[in-house]
Amino acid sequence: MADAKVIPFDEDRPRRRVPRRVRVAPPVEPDAAPVPVSGPVSGPVPESVSGAVPEAGSWDRRIAGGLAFLRRRVTGDYEVDDFGYDKELTDQVLMSLMRPLFDKYFRVEVKGIENIPKEGGALIVANHSGTLPLDGLMMQVAVHDHHPERRHLRLLAADLVFMLPVVNELARKAGHTLACSEDAQRLLEAGELVGVMPEGFKGIGKPFGDRYKLQRFGRGGFVSTALRAGTPIVPCSIVGAEEIYPMVGNAKTLARLLGIPYFPITPTFPWLGPLGAVPLPTKWTIQFGEPIPTDGYPAEAAEDPMLMFNLTDQVREQIQHTLYRLLVQRRSVFF
């Protein structure tokens, strides 16, 4: 089996834009009656207009495309970057697996997507919660499916993610990388969208009584990275993830034995076994706030601890205020 091709990052190389395919309508015969473009349609609607019947050969094209995809995977004729990101696998498989959870189960509403730049690097900073890191995956789908340029979000993940079998490989394929300033800066300077959740395990493993209360944002390393790369910081607030696994307890002794940061106890887990691992179908809202520019600061600003503290506090306060506003606006946890 051949090895996958590796594409090195090269910030001097222009980014190519894939042209969008446009379907051209067939010409109308001179004697055919024109189809009205507005108003009620009387009589039977043509299949090509109603879209009720799939096009002839559509299934053939899908099957052919699937077989071609499998052939490329088997022969190794696909491309990954220096971080292991596999764009084709992410678009065709991983996003397809996460999309039903996003659209049908959590029914995520996305706001402020226009605040994410159409091109170039940007650092998206979000709150973290939910016992399991489903919020990061849903944020990744939100950016890809709702942004007009269908951009990809490269998430910074904790060391534990890359120590777990299977999860490690899938995370790399989906574009995740280690949460360190060097990798984040390389991605930002290459024009990528980078996502970070500074609360870390303190946020995702906090008890249910502290829901939607932001934890400490560390030492502001993400601000320093954005300053060095000269990219904007986009605050992101996620409502709904806190209630998917209400964490009412933490078996700390068991967590230490297993080598994990916490062992959650919820109303359903571990009492119901594997069934208790099913998240509650809460209603989510993901809102991207106005970007905070960093390109106006001098090069030495990344070493100024007071500036980093002020910017970190600004990002944290903006996320917290947006969380409170969204909580006031929502009608129910589930609807």
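Quick notes on the rules
Residues numbered from 1 in each chain as written. Predicted model: local features only at pLDDT ≥ 70, side-chain atom pairs only at ≥ 80, totals over all residues. Heavy atoms only, no water. Buried < 20%, exposed > 50% of the residue type's maximum accessible area, 1.4 Å probe, protein only. Helix = DSSP H or I, 4+ residues; strand = E, 2+ residues; numbered from the N terminus. Pairing = 2+ DSSP bridges. Right-handed = clockwise from strand over helix to strand, strands pointing away. Salt bridge = Lys/Arg side-chain N within 4 Å of Asp/Glu carboxyl O. Contact = heavy atoms within 4.5 Å. Axes fitted to C-alpha atoms, helices over the stretch in contact; angles between N-to-C directions. Patch = residues over 30% accessible without salt bridge, like charges linked within 9 Å, V, L, I, M, F, W, Y side chains within 5 Å. Areas by Shrake-Rupley, 256 points an atom, 1.4 Å probe, with all protein chains shown as cover.

Caption draft 1: Broad picture of the pairing of strand β5 (residues 153–157). Most of β5 is tucked away: five of the five residues are buried. The alternating pattern of β5 places L153, L155 and A157 on one face and R154 and L156 on the opposite face, and all of these are buried. In the sheet, β5 pairs with strand β7 (residues 193–196) via three bridges, with the strands oriented parallel. The residue of β7 that forms the bridge with L153 is L193. Looking at chain direction, β5 and strand β6 (residues 177–178) are connected through two bridges and run parallel. For L156, the partnering residue across the bridge sits in β6 and is T177. With helix α5 (residues 167–173) bridging β5 and its parallel neighbour β6, the resulting β-α-β unit is right-handed.

Caption draft 2: The pattern of salt bridges, seen in detail. Inspection of every chain in the model, using the stated rule, returns 15 salt bridges. In this structure, the salt-bridge partner of D81 is R154, at a minimum N-O distance of 3.0 Å. Of this pair, D81 sits in strand β2 (residues 79–81) while R154 is found in strand β5, placing the two residues 73 residues apart along the sequence. R330 is paired through a salt bridge with E243; the nearest N and O atoms lie 2.8 Å apart. Of the two residues, R330 is situated in the segment after α10 (305–329) and E243 in the loop between β8 (233–239) and β9 (249–250); the sequence distance between them amounts to 87 residues. Since its relative accessible area comes to 25%, R330 is described here as partly exposed. Look at the salt bridges and you will find they share partners, linking R72, R73, D86, E88, E169 and K173 into a network.

Caption draft 3: A look at the sheet that holds β8. Pairing within the open sheet is mixed, and its seven strands lie in the order β3-β11-β8-β4-β7-β5-β6. The sheet terminates laterally at β3 (109–111) and β6, the two strands that pair on one side only. The sheet contact formed by β8 and strand β11 (residues 285–288) spans four bridges and is antiparallel. Looking across to β11, one finds that S237 is bridged to Q287. Packed onto the sheet, helix α8 (residues 221–229) meets β4 (122–126), β7 and β8 and runs at close to 165° relative to β4.

Caption draft 4: Representation of a nonpolar patch on the surface. The grouping of W59, I63, L67 and L70 at the surface amounts to a nonpolar patch, some 460 Å² of accessible area in total. Within the secondary structure, L70 is located in helix α2 (residues 58–75).

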